[in-house]
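Residues per chain, in single letters:
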Amino acid sequence: MGRLTKPETTKKGENMGVNRITNRWAIRKAAVEAEKWAMLLATVRAVAAVEQAAHWNAVDYGDHMLYERLYYDTQEIIDDLAERILALNPFTGVSMVSAQLSMMLQQINRWQQMKPQMRDIDLVLIAEKDLQRLVRECLKDTALDPGMEAFLTGVLDRQNTSLYLIQQNEWATYGSLPDRGLGPTKKYFPLFDSAKTD
């Protein structure tokens, strides 16, 4: 008593209705899961595209190297994530290229509309924060296997590092810490203010 067992059948096909409902539910659940992972993969790929464009557009050597580092780190995540998605959903796999490109474009357009006339660093910062938000949402899934959970936790850790580097670069380059609301550098660091000499 209290133990679940397979229902006994006396005639062939007696449980066919139950099996159809179970199969439909499983197929629907697999489709929702596949869509979630496809969106995560497309978002990571969109972040990489934004970072690569910033890398190409960078005039300053420090910016160039920062975006290159971010881009290569994100490329590693893409490959690992795609392989893990395939392991989780061997029947649905990774979404088609056209679907991935469509989702990527949708994400990039959404990011660009968040702030008019943004610099490359702003777009990279918005993209990184959105990816971090999406990874946190995926980590809330209670049905994650330990391997995927550890992987996503690692991605979140990398995103924290990336955000830190971007914000430090912005402070050094533009003299502001926008996320902390500190305003211009000279207001808080008078030593950097160009003082008039007698």
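Here's what I pulled together on the structure shown here. Position labels on residues start from 1 in each chain and follow its written sequence. Note on the predicted model: pLDDT of at least 70 is required for a residue's local features to be given, and 80 or more for side-chain atom pairs to be given and counted; whole-chain, interface and lining totals, by contrast, use all residues. To obtain the side-chain values, all non-hydrogen atoms of the structure were included, while hydrogens and water were left out.

**What to know about the overall build of the protein**
Right, on to step 1. Helix numbers and strand numbers start at the N terminus; a helix is a DSSP run of H or I with at least 4 residues, a strand a run of E with at least 2. Looking only at helices and strands, one finds six helices and zero strands in the protein.
Right, on to step 2. Of the regular secondary structure in the protein, the N- to C-terminal order runs α-α-α-α-α-α.
Right, on to step 3. A total of 198 residues make up the protein; the buried ones form 33% of that total.
Right, on to step 4. Sequence separation of 24 or more characterises 67% of the internal contacts of the protein that already satisfy a separation of 6 or more.
Right, on to step 5. Accessible area for the protein stands at about 13300 Å²; split by element, carbon and sulfur atoms hold 57% of it. Relative accessibility thresholds used throughout: buried, under 20% of the residue-type maximum; exposed, over 50%; partly exposed, between the two (1.4 Å probe, protein chains only). Two residues form a contact once any of their heavy atoms are found within 4.5 Å. Using a 1.4 Å probe, accessible areas were evaluated by the Shrake-Rupley method; residue-level cover was limited to the displayed protein chains.

**Regarding helix H4 (residues 120–139)**
Right, on to step 1. With 20 residues, H4 ought to run about 28 Å at 1.5 Å a step, and its terminal C-alpha atoms sit 29 Å apart, in line with that.
Right, on to step 2. With respect to burial, H4 is a largely interior element, 14 of its 20 residues being buried. Take the number of residues in a helix, subtract one, and multiply by 1.5 Å to get its expected span.

**Details of the pattern of salt bridges**
Right, on to step 1. Throughout this description, the term salt bridge denotes a Lys or Arg side-chain nitrogen within 4 Å of a carboxyl oxygen of Asp or Glu. Evaluation of the coordinates by the stated rule reveals eight salt bridges.
Right, on to step 2. Residues Asp-122 and Arg-119 are paired through a salt bridge, measuring 3.0 Å at the closest nitrogen-oxygen approach.
Right, on to step 3. Residue Asp-122 is classed as buried on the basis of its relative accessible area of 7%.
Right, on to step 4. Here Arg-133 and Glu-137 are joined by a salt bridge, their closest N and O atoms 2.6 Å apart. With a gap of four residues between them, Arg-133 and Glu-137 both fall in helix H4, about one helical turn apart.
Right, on to step 5. Classification of Glu-137 by relative accessible area gives partly exposed; the value is 41%.
Right, on to step 6. If you follow the salt bridges from partner to partner, you end up with Arg-110, Asp-130, Arg-133 and Glu-137 in one network.

**Some points on the nonpolar core**
Right, on to step 1. Residues enter a nonpolar core if they are buried and are Ala, Val, Leu, Ile, Met, Phe, Trp, Tyr or Cys, with the set joined through side-chain atoms within 4.5 Å. Ranked by internal contacts, the top residues of the largest apolar core, which has 43 residues, are Trp-37, Leu-40, Leu-81, Trp-111 and Leu-152.
Right, on to step 2. The set of elements that each furnish at least two residues to this core consists of helix H1 (16–57), helix H2 (61–88), helix H3 (97–114), H4 and helix H5 (146–174).
Right, on to step 3. If one sorts the elements of this core by residue count, H1 sits on top with eleven residues.

Function-wise, these values are silent; they only describe arrangement.
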